[in-house]
Amino acid sequence: MTRKKKTRSLADKVTIRTGRRKDYKKWRHENPDQVTSSRRFVAKKQQQRKLQAVRKLARQQSGQTITIHPDKGGDHSPGEPS
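Parameters at a glance
- Residues numbered from 1 in each chain as written.
- Predicted model: local features only at pLDDT ≥ 70, side-chain atom pairs only at ≥ 80, totals over all residues.
- Heavy atoms only, no water.
- Helix = DSSP H or I, 4+ residues; strand = E, 2+ residues; numbered from the N terminus.
- Buried < 20%, exposed > 50% of the residue type's maximum accessible area, 1.4 Å probe, protein only.
- Areas by Shrake-Rupley, 256 points an atom, 1.4 Å probe, with all protein chains shown as cover.
- Arc of directions from axis to C-beta.
- Phe/Tyr/Trp six-rings, centres within 6.5 Å; stacked < 30°, edge-to-face > 60°.

Undergrad: What am I meant to see in the overall build of the protein chain here?
TA: When its secondary structure is counted, the protein chain shows two helices and zero strands. Burial analysis of the protein chain (82 residues in total) assigns 6% to the buried set. Total accessible area on the protein chain stands at roughly 8,900 Å², and carbon and sulfur atoms take up 50% of it.

Structure below.
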């Protein structure tokens, strides 16, 4: 006896006229408010974004600082062209 494979897709959870992929895509396009991501997926993506932000901040802080225009001073005297 074979078991039915578990799926995380929304297509099986939605009851529509024929159950065809084309019809599901049409239904999804017509009803965007009823189609939402799973809580598991949303939590996973939030965690990934937090980790990405932490890594980016760590890279920025560990990098060396460079002076972009070292020959120019921060203040301009009125006689000098800028």
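Undergrad: Before we go on, may I ask you to explain helix H1 (residues 21–30) in this structure?
TA: For an α-helix, 3.6 residues make a turn, and residues three or four places apart therefore share a direction. Listing the buried residues of H1 in full gives Asp-23, Tyr-24 and Trp-27. With its buried residues spanning 100 degrees around the axis, H1 presents them on a single face. Looking at H1, the residues exposed on the side facing more than 90 degrees away from the buried face are Arg-21, Lys-22, Lys-26 and His-29.

Undergrad: Even after reading the chapter, I still don't get the packing of aromatic side chains, so can you show me in this structure?
TA: Geometrically, a pair of aromatic rings is defined through the distance of the ring centres and the angle of the planes. Across all of its chains, the model carries one aromatic pair by this definition. Arranged with centres 6.0 Å apart and planes meeting at 20 degrees, the rings of Tyr-24 and Trp-27 form a pair that is stacked. Here Tyr-24 and its partner Trp-27 are both found in helix H1, three residues apart, which amounts to about one turn of the helix. What makes Tyr-24 buried here is its relative accessible area of 10%.

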